[in-house]
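Chain residues, written in single-letter form:
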Amino acid sequence: MTVVLRTIPEARRWVRTERTSSGALGLVPTMGSFHEGHLSLIRRARQICDRTIVSIFVNPLQFAPGEDYESYPRDFDRDLSLATQEGVDAVFHPEAGEMYPSGLVTSVGVGKLGEALCGASRPGHFQGVATVVAKLFHIVQPDRAFFGQKDAQQALIIRTMVLNLNWPLQIEVCPTVREPDGVAYSSRNRRLSAEERSRATVLYRSLRLAESLIQSGERNVACVEQQMQKQIQKMIHAVPGAEIDYARLVDPATLGGLQQIRGEVLAAVAVRFGKTRLIDNLSIKIAPERQARG
Ligand code: PAF
């Protein structure tokens, strides 16, 4: 039976009574509207933790005015029944007023990591994410927390926060789960028209293009980025309201631009379909150049 906790004191009480001395408590923070990506995080948590708690909270702090906070998909009853099927021990589902009673003056700054990639077009977004995740970590005090690689920038920011603030918990980043045509699962996919959904395959295709160019020896960053942009543009130019936000190769540790392609690079894309913005990324590992034989 999955317990539903709606207030912070209820959540704290549950944690106090359920935390066992030997087993780990796992937290899967979500904004609900579950898809296969969420379920994979929940399954991983269940596999390695003794107790699993899932938070479902659409966090107003990470949406700018004019973004899709109001229209963000919400379906608590469906989420709860999926959580129950998956054997989740508890769901923490607070109201916005419970998490932000008024007078929030303290927040978690995320520096330059929050300004790169998605941060450029969503100023303040990652500060909002880090702040709510910090609150959830304080409320639940998990031993492990689970995030998806699809949100690579978010995962890096949270890992950095945990490291910088000496939080005694482990962050596990789980692989991106994709639909059969390669599109990464996202709660926002359901808002696409049929035409947009079919065009959305270009995000992953452009990442695979970057990978194949690099693996076949291309070492010019601008050239790879241009090829990605060209491929996306070709696919979306006829779709009204569709535009590229970014298609980049970045350093996976800093999210900064690259001088050269070597070691590991992160290919990352974001495309807008009207008000719906989709993101995806791929980590590309480059084999060390073979030594020239003498
Ligand atoms: O990835 C999400 O769904 C959200 O950004 C998170 C981590 C639950 C914080 O609101």
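Residues numbered from 1 in each chain as written. Predicted model: local features only at pLDDT ≥ 70, side-chain atom pairs only at ≥ 80, totals over all residues. Heavy atoms only, no water.

A. Expanded view of the nonpolar core. Among the nonpolar cores identified, the biggest contains 47 residues, and Ile53, Phe92, Met99 and Phe137 are the most heavily contacted of them. No other element matches helix 6 (residues 125-140), which puts 10 residues into this core. Each residue touching phenylalanine 137, except ones within four places of it in the same chain, is listed here: Leu27, Pro142, Ala145, Phe147, Ile158, Met161, Val162, Trp167, Leu169 and Ile171. Judged by nonpolar contacts, the second largest core, of 30 residues, contains Leu207, Ile261, Ala267 and Leu278. (Core = buried A, V, L, I, M, F, W, Y, C linked by side-chain atoms within 4.5 Å. Buried < 20%, exposed > 50% of the residue type's maximum accessible area, 1.4 Å probe, protein only. Helix = DSSP H or I, 4+ residues; strand = E, 2+ residues; numbered from the N terminus. Contact = heavy atoms within 4.5 Å.)

B. Layout of the side chain of glutamine 154. For glutamine 154, the position within the fold is in helix 7 (residues 152-164). Overall, the relative accessible area of 18% leaves glutamine 154 in the buried class. Discounting chain neighbours no more than four positions away, the residues touching glutamine 154 are Phe126, Val129 and Phe147.

C. View of the sheet that holds strand 6 (residues 170-174). Read from one edge to the other, the open sheet built from 6 strands follows the order 1-4-3-2-5-6, with strand pairing classed as parallel. Both edges of this open sheet fall to strand 1 (3-5) and strand 6, since each of them pairs with a single strand only. This sheet shows a mean twist of 25 degrees between the axes of neighbouring strands, independent of strand direction. Note: strand 1 against strand 4 (residues 90-92), 3 bridges, orientation parallel. Note on strand 4: the bridge partner recorded for leucine 5 is phenylalanine 92. Contacts between helix 3 (residues 76-85) and the sheet are confined to strand 1, strand 3 (51-56) and strand 4, with strand 4 contributing the most and set at about 150 degrees to the helix. Together, strand 2 (25-30), strand 3, strand 4, strand 5 (144-148) and strand 6 form the strand contacts of helix 6, whose direction differs from that of strand 2 by roughly 150 degrees. (Pairing = 2+ DSSP bridges. Axes fitted to C-alpha atoms, helices over the stretch in contact; angles between N-to-C directions.)

D. The site of the ligand, seen in detail. In the region of the ligand, the neighbouring residues are Pro29, Thr30, Met31, Asn59, Gln62, Val132, Phe147 and Gln154. In this structure, an oxygen atom belonging to the ligand sits 2.7 Å away from a side-chain N or O atom of glutamine 154. For the ligand, whose accessible area on its own is 290 Å², the fraction buried by protein is 89%. When the residues that make up the shell around the ligand are grouped by side-chain class, the tally is 4 nonpolar, 4 polar and no charged. (Near = heavy atom within 4 Å. Polar contact = N/O pair within 3.5 Å; in protein donor to acceptor, adjacent residues only side chain to side chain. Areas by Shrake-Rupley, 256 points an atom, 1.4 Å probe, with all protein chains shown as cover. Nonpolar A, V, L, I, M, F, W, Y, C, P; charged D, E, K, R; others polar.)

E. Main features of empty space enclosed by the protein. Inspection of the entire model under this criterion finds 1 cavity of 30 Å³ or more. Roughly 90 Å³ of internal volume is contained in the largest cavity. Around the largest cavity, the lining is made up of 13 residues, and of these Val183, Ala184, Leu203, Ile279 and Asp280 lie nearest the centre. Mapped by element, the contributors of at least two residues to the lining of the largest cavity are helix 9 (201-215) and strand 9 (276-285). Broken down by class, the residue content of the lining of the largest cavity amounts to 7 nonpolar, 4 polar and 2 charged. (1 Å grid on protein atoms, 1.4 Å probe; cavity = no way out; pocket = protein on both sides within 12 Å on 5 of 7 lines; lining within 4 Å. Points joined across faces, edges and corners; volume = space filled by probe spheres on them.)

F. Layout of the packing of helix 1 (residues 8-18) against helix 6. It is at 8 Å that the axes of helix 1 and helix 6 come closest, and there the two elements cross at 50 degrees. Here helix 1 lies oblique to helix 6, going by the angle between them. Counted together, Ile8, Ala11, Arg12 and Val15 of helix 1 and His138, Ile139 and Val140 of helix 6 form the full contact between these two elements. Along the lines of polarity and charge, the residues of the contact of helix 1 with helix 6 split into 5 nonpolar, 1 polar and 1 charged. (Parallel < 35°, antiparallel > 145°, perpendicular 65-115°, else oblique.)

G. Molecular detail of the sheet that holds strand 7 (residues 242-250). Strand order in this open sheet of 3 strands is 7-8-9, and the pairing throughout is antiparallel. Whereas interior strands pair on both sides, the edge strands pair on one side only; in this sheet they are strand 7 and strand 9. For this sheet, the mean inter-axis angle between neighbouring strands, taken without regard to orientation, is 10 degrees. Where strand 7 meets strand 8 (residues 264-273), 8 bridges bridge the pair, whose relative direction is antiparallel. Across the sheet, leucine 249 pairs through a bridge with alanine 267, a residue of strand 8. Here helix 9 sits on the sheet in contact with strand 7, strand 8 and strand 9, set at roughly 20 degrees to strand 9. Helix 10 (residues 221-236) contacts strand 7 and strand 8 of the sheet and is inclined by roughly 160 degrees relative to strand 7.

H. Here's a closer look at the layout of surface pockets. Here the second largest pocket defines a volume of roughly 210 Å³. In this structure, the second largest pocket is lined by 16 residues; those nearest its centre are Phe57, Val58, Arg74, His93 and Pro94. The residue makeup of the lining of the second largest pocket, split by class, is 8 nonpolar, 3 polar and 5 charged.

I. Examining the packing of aromatic side chains more closely. Applying the stated criterion to the full structure yields 4 aromatic pairs. Here phenylalanine 137 and tryptophan 167 contribute two aromatic rings whose centre-to-centre distance is 5.5 Å and whose plane-to-plane angle is 80 degrees, an arrangement assigned as edge-to-face. Of this pair, phenylalanine 137 sits in helix 6 while tryptophan 167 sits in the loop between helix 7 and strand 6, placing them 30 residues apart in sequence. Under the relative-accessibility criterion, phenylalanine 137 is labelled buried at 1%. (Phe/Tyr/Trp six-rings, centres within 6.5 Å; stacked < 30°, edge-to-face > 60°.)

Take it as geometry only, folks, not as evidence of what the structure does.
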